Every structure is written in C-alpha cells, then in structure tokens.
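Observations on the model geometry
What follows is each chain in one-letter form.
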Amino acid sequence: MELDKMDENDWKYHGEGNKSLVVSHLQVCIHINSKQAFRHILNIVDYSKYVMKPLLGEKYVHSGEVVKLPLDFVRQLSLKVQQERPELRCDKVMDTFSGCGLCLPNLTQLPLHHLRDHRPPICVEIKPKCGFLPFSRHITKECKRKVCRFCMHQHYKAKVKPDFFKRMYVALKNLLEEPQNNLKIFKGGELIFSCKDDAKQQPELNDLIQHLRPYFSHSNGLYNGHQPGKAILNEFIQVICSALLSGGDSNRSGEPRKVHLSESRPHCEASPFPRDLLRNGNHGLPKDSVLAKILQVQMLDNLDIEGIYPLYKRVEQYLEEFPKERNRLQIDGPYNESFMDKVKNCPTEDDGSVEYAVGKVHQYRVAMTAKDCSVMITFAPCEEDEEQQLKLEKPRFTYSISILDLDPKPYEGIPHQYKLDTKIVNYYLRSTQAPPPSSLYKERQECTLLFHAV
Ligand SMILES: O=P(O)(O)O[C@@H]1[C@@H](OP(=O)(O)O)[C@H](OP(=O)(O)O)[C@H](O)[C@H](OP(=O)(O)O)[C@H]1OP(=O)(O)O
Ligand SMILES: Nc1ncnc2c1ncn2[C@@H]1O[C@H](COP(=O)(O)OP(=O)(O)OP(=O)(O)O)[C@@H](O)[C@H]1O
C-alpha cells in the first residue's frame with residue numbers, strides 16, 4: 001500500500017469495540033484499527049507478540065503492525081464512517097490526530113489460495129469470557145465459588161451472554177436465538193448477523209438460514225420437509241463446534257486428547273446448561289483446542305481480584321517509596337520477553353517481596369485479557385484434499401481460527417475491578433435474597449427466568 005495514495009473511498013466501516021474502530025479495505029484483505037497513539041499501538045503489538053502469542057499459540061494470534069497514516073486520509077475516513085457507527089458508540093470520537101493505526105489481516109476472510117469455491121467464507125465471532133469458577137483461598141463470599149462472575153455480572157447488567165466452556169452447543173443455540181453483543185456472523189466479510197447493539201436491526205434467524213442454505217444444501221434433501229431451517233442451523237453449529245474443538249494436530253492423530261475440567265472442578269450453578277449433558281461427560285476440551293488455550297491463560301488468575309488487590313497495594317506502596325522502580329518492574333510495559341519472564345517465573349509462594357506482587361499482578365492482567373478476547377472461526381467450502389479440513393461427513397469446509405482483541409488491560413484498572421467485583425457480588429446476593437444458590441437453580445427454566453426477570 002502506498003501511503004501517499006491512500007484514498008478513504010477504498011475503505012469501508014467494518015465494526016468497533018470500546019476502544020477501536022475498524023475499517024476494511026475493499027480489495028485487499030487487511031484491516032486498519034485506529035487506536036489512540038503510536039506508543040499505545042506499539043504496546044498492543046508487543047503485548048500480542050511477546051506475551052499473548054507464546055501463551056495462546058502461534059497459529060491463533062496475529063499481532064499486526066503499526067502503520068503511519070496520512071492525516072488527511074484519517075480525517076476523511078472518520079467522516080466517511082461516521083454514519084455507519086452504532087449510536088451507542090458515538091460518544092467516542094475517532095482519533096484523527098495521531099496519524100497511526102494497526103494493520104491486521106482481515107480475519108473474516110480466508111487466504112485467497114483456499115478459495116476455489118464460489119461461496120464466500122462465513123465467519124463467526126464469539127467472546128468466550130471466563131470459563132472457570134475461582135478457587136482462590138482469598139475469596140470472602142462463598143457464592144463466588146458456586147456462581148461464576150460472568151453469570152453474576154450478567155445479572156448485574158441484566159443481559160445474557162454466552163458461556164462457552166460449559167455449554168458450547170447449547171450456548172450457540174441460545175446465542176443464535178437471542179444474541180446479545182457477543183456473537184457476530186460475517187459472510188464474505190460483510191456483517192450478516194449480530195446483536196442489537198451493533199446491528200441496525202434486530203437479527204433475524206430466518207435471514208441467517210437463507211444465507212447459510214447454499215453451504216449446507218445437502219441438509220435440504222436430508223431433512224426434506226422436517227424443519228430444514230433447523231437442520232441447517234444444527235449443521236452450522238456443528239461446524240463451529242468442530243472447529244472450536246479441533247486442536248493443532250488432533251485431526252491427524254485420531255481421537256482428540258481431552259482436558260477434563262469439570263470432573264474435579266465445580267460448575268457454575270447459575271449456568272442455563274442442562275445438567276444431564278454435564279453428567280454425560282460432554283465437558284472435556286481437547287488439549288490444543290483454541291478454547292483450552294484460552295482457558296489455560298484465563299486461569300493465570302488464580303488468586304482472584306480479592307487476592308490481587310492487596311498485592312496491587314503492596315506494589316503501589318513500594319512505588320511511592322521508589323518511583324524509579326516503575327520502569328524496572330515494567331508496570332506500564334514495555335511488553336517484551338523480560339515482561340513475559342516476570343509472568344512465567346513468578347514465585348509460587350508469597351515471600352512478601354515486591355517481585356512476587358508484581359508477578360501476580362502481571363499474571364492477573366494477562367488473564368484479564370484472555371477473559372475479554374474474541375475468537376473468529378472463518379470457514380468456506382473446500383475441495384477434497386485440502387489440508388485443514390473439518391472431518392464432517394458432508395459438506396467439507398476449510399477453516400481458520402484466530403483470537404483477537406488481545407490488548408493489555410491497564411494496571412490502574414485493578415482498583416476499579418476490585419470495586420466492581422464487590423458491587424456485582426453484593427448485588428447478586430441482595431437480589432437473590434441470599435439463599436444458597438444451589439437451591440435456586442435446580443431447573444434450567446428457573447435459572448433462565450431468574451436472569452430475565454430483572
Ligand atoms: O467487564 P466485562 O466482563 O463486562 O468486559 C468488558 C467488555 O464487556 P462485555 O461484557 O464483554 O460486553 C467490554 O466490551 P464491550 O465494550 O461491551 O463490547 C470491553 O471489552 C471491556 O474492556 P475494556 O475496558 O474496553 O478494556 C471489558 O472490560 P474488562 O475486560 O476490562 O473488565
Ligand atoms: N483483524 C480483524 N479482522 C476482522 N475483523 C476484525 C479484526 N479486528 C477487529 N475486527 C472486528 O472489529 C471489532 C472491534 O475490534 P476489537 O475487538 O479489537 O475492538 P476493541 O475496542 O478492542 O473491543 P473491546 O470493546 O472488546 O475492548 C471486533 O469485534 C471484530 O468484529
């Protein structure tokens with residue numbers, strides 16, 4: 001791309017989050033993600049490259065590169081995309097002064113050599129959120145061991161989001177029927193299904209089925225007359241589940257290996273997941289699967305915010321006395337190999353040192369990133385002998401999986417997280433009138449009612 005020839009008309013609005021506005025090039029498969037300033041973006045790239053990529057796996061993470069952009073181009077682009085932006089995000093203004101952005105591959109597309117079929121790739125974006133119940137001895141409220149922060153937070157925010165680790169298939173079905181803001185579906189890079197926050201209109205399941213029909217045409221014949229739409233959705237969900245559970249070389253080496261999370265670990269009692277499914281053992285994640293990788297990193301938060309907050313205060317006290325130590329301890333980065341060393345080699349026992357406190361705080365922040373990332377599964381029909389195939393009877397798909405939104409979570413955010421946690425738990429206890437949660441959630445319906453009733 002020649003920077004002096006950049007034209008806003010070659011770009012279109014793609015989407016946005018809390019901090020980034022994303023545009024995609026009309027011809028080339030790249031994205032520009034406009035963030036605040038050069039150093040800030042460099043930090044994001046470094047964090048992704050030196051911290052998240054080694055932890056989550058080379059194949060899932062695309063760190064991108066910082067690009068300098070002509071200011072005029074950015075100004076014109078911001079005007080062009082303004083009308084496309086969802087209202088709820090418009091309180092944030094695109095930064096048109098820094099003249100830099102993050103350039104990434106467009107993950108809603110597949111590399112061109114895979115595309116021998118005329119049907120454009122379908123991409124599903126989900127946010128797995130946290131997949132485990134905290135087990136830290138620092139926890140003061142018993143309900144946190146039984147109901148996950150995710151469910152309590154939804155209760156607090158009165159909205160429902162997915163919970164992939166425990167109820168993937170059911171979660172996907174629920175999401176399709178009632179998507180909040182954690183599911184997006186793209187076709188050929190165009191958003192075709194999303195939540196009400198981002199989409200202009202309420203998503204229509206029937207429209208989605210029409211979009212998917214050409215990809216699962218054999219289902220029409222198979223289920224002739226028997227809810228073919230439902231059959232298509234089922235196949236679609238199966239493709240996504242297979243992709244999410246397929247790990248590194250598990251396709252080639254036969255049976256995927258499993259990590260059994262649930263047999264020894266308790267489940268969130270508030271998840272609307274049919275208990276018999278859990279009893280039947282449908283809870284293992286193949287070791288190399290993207291979800292297992294994310295969960296592993298999420299579990300670096302082994303002290304819970306209640307255990308982290310006192311350590312944060314220890315660091316703060318130390319920095320008050322020795323402000324110059326901030327750099328050595330890499331509180332605000334740089335996020336390089338030495339930062340990663342601090343994450344990996346933090347002592348397991350608290351020896352009272354600032355090094356221990358910093359190591360745990362760094363680990364907590366890394367875990368927070370993993371609890372807020374998104375996964376994109378992009379697939380397209382493929383021919384018989386392509387390498388990366390989902391072994392489904394028919395049809396066959398080539399696919400790629402990526403993890404995105406791997407920004408560092410700020411050190412300064414820890415007091416906020418601590419206060420928020422207290423608010424969420426107290427609100428949950430107050431509004432459920434504090435009987436033990438186990439008696440509240442015997443039936444799936446009871447649980448669903450509870451979470452919709454606020
Ligand atoms: O606190 P949560 O769990 O609601 O997560 C926030 C996300 O909300 P979600 O529930 O996924 O819709 C939130 O996402 P949205 O803006 O709601 O799309 C952000 O990702 C936020 O991160 P940051 O503060 O921008 O770095 C996320 O905040 P943190 O990850 O910093 O807590
Ligand atoms: N490389 C990419 N390819 C395709 N789409 C992308 C890419 N990067 C981001 N997007 C889209 O843009 C949206 C916003 O990007 P991103 O999640 O990075 O923003 P954010 O502001 O950091 O989000 P959050 O609010 O979760 O912190 C994503 O949900 C995704 O749909």
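Residues numbered from 1 in each chain as written. Chains lettered and ligands numbered in written order. Predicted model: local features only at pLDDT ≥ 70, side-chain atom pairs only at ≥ 80, totals over all residues. Heavy atoms only, no water.

Going by this rule: UniProt positions are given in the numbering used here, feature names are shortened, and annotations may be inferred rather than shown by experiment.
By the naming in an unreviewed UniProt entry, the protein chain is Inositol-pentakisphosphate 2-kinase, taken from Cyprinus carpio. The UniProt entry for the protein chain carries the following text under Sequence similarities (unreviewed entry): "Belongs to the IPK1 type 2 family."

1. Let's talk about unusual backbone geometry
Negative phi is the rule for most residues except glycine; trans is the rule for most peptide bonds. To keep it simple, the criterion reads: Counting from the N terminus, the helices are the DSSP runs of H or I reaching at least four residues and the strands are the DSSP runs of E reaching at least two.
A cis amide bond, omega 0 degrees, links Gly333 with the succeeding residue Pro334. Here Pro334 shows up in the loop between α11 (325-328) and α12 (337-344). Even without being a glycine, Lys129 presents a positive backbone phi close to 55 degrees. Within the fold, Lys129 resides in the loop between β6 (122-126) and α3 (149-157). The backbone of Gln330 shows a phi angle near 55 degrees, a positive value even though the residue is not glycine. Tracing the backbone shows Gln330 in the loop between α11 and α12.

2. Topic: the domain arrangement of the protein chain
In plain terms, the rule: Bear in mind that the domain bounds are from an automatic or database domain assignment. Should any heavy atoms of two residues lie within 4.5 Å, those residues are counted as being in contact. Summed over both partners, the accessible area lost on bringing two parts together, with a 1.4 Å probe, is the buried area. By definition here, a salt bridge exists when the distance from a side-chain nitrogen of Lys or Arg to a carboxyl oxygen of Asp or Glu is within 4 Å.
Segmenting the protein chain into domains produces domain 1 (3-106) and domain 2 (122-299 + 371-452). Each partner contributes residues to the interface: domain 1 has 19 residues there, and domain 2 has 22 residues. Summing both partners gives a buried area of about 1800 Å² for domain 1 against domain 2, and 55% of it is carried by carbon and sulfur. By the criterion of area lost to domain 2, the three top residues of domain 1 are His14, Leu56 and Tyr60, representing 35% of everything that side buries. For the interface between domain 1 and domain 2, the tally reads one salt bridge. Lys12 is the salt-bridge partner of Glu190, the closest N and O atoms lying 3.3 Å from each other. Secondary-structure elements contributing two or more residues to the side of domain 1 that touches domain 2 are β1 (11-16) and α1 (38-56). Element by element, the count of residues in the side of domain 1 that touches domain 2 is highest for α1, at five residues.

3. Overview of the site of ligand 2
Heads up, the condition is: Each residue is tested against the molecule or strand, and it is near if at least one of its non-hydrogen atoms lies within 4 Å. Any pair of N or O atoms that falls within 3.5 Å is considered a polar contact. Within protein, one atom must be able to donate a hydrogen and the other to accept it, and sequence-neighbouring residues count only if both atoms are side-chain atoms. Residue exposure ignores everything except the shown protein chains as possible cover, and the areas themselves are Shrake-Rupley values with a 1.4 Å probe. Gly falls in the polar group here, along with every residue not listed as nonpolar (Ala, Val, Leu, Ile, Met, Phe, Trp, Tyr, Cys, Pro) or charged (Asp, Glu, Lys, Arg).
The local shell around ligand 2 holds 23 residues, among which Asn18, Lys19, Ser20, Glu125 and Asp405 are the closest. The backbone of Ser20 places a nitrogen or oxygen atom 2.7 Å from an oxygen atom of ligand 2. Contact with the protein chains hides 93% of the accessible area of ligand 2, taken as 630 Å² for the molecule alone. Residue assignment for the shell around ligand 2 shows that the elements contributing at least two residues are β1, β3 (30-34), β5 (100-105) and β7 (183-187). Of the residues in the shell around ligand 2, the class split is seven nonpolar, eight polar and eight charged. Viewed by domain, the shell around ligand 2 spans two of them, domain 1 (3-106) and domain 2 (122-299 + 371-452), each represented by three or more residues.

4. As for the sheet that holds β6
Selection criterion: Any two strands with at least two DSSP bridges between them are considered paired. To get an axis, a line is fitted to the C-alpha atoms, and for a helix only the part in contact is used. The angle between two axes follows their N-to-C directions and goes from 0 to 180 degrees.
Spatially, the five strands line up as an open sheet ordered β8-β7-β6-β11-β12, and their pairing is antiparallel. Of all strands in the sheet, those with a lone pairing partner are β8 (190-193) and β12 (397-404), marking the two edges. Each neighbouring strand pair of the sheet contributes to a mean axis angle of 25 degrees, computed without reference to strand direction. In terms of strand pairing, strand β11 (residues 374-381) meets β12 through eight bridges, oriented antiparallel. Its bridge partner lying in β12, Met376 is registered against Ser402.

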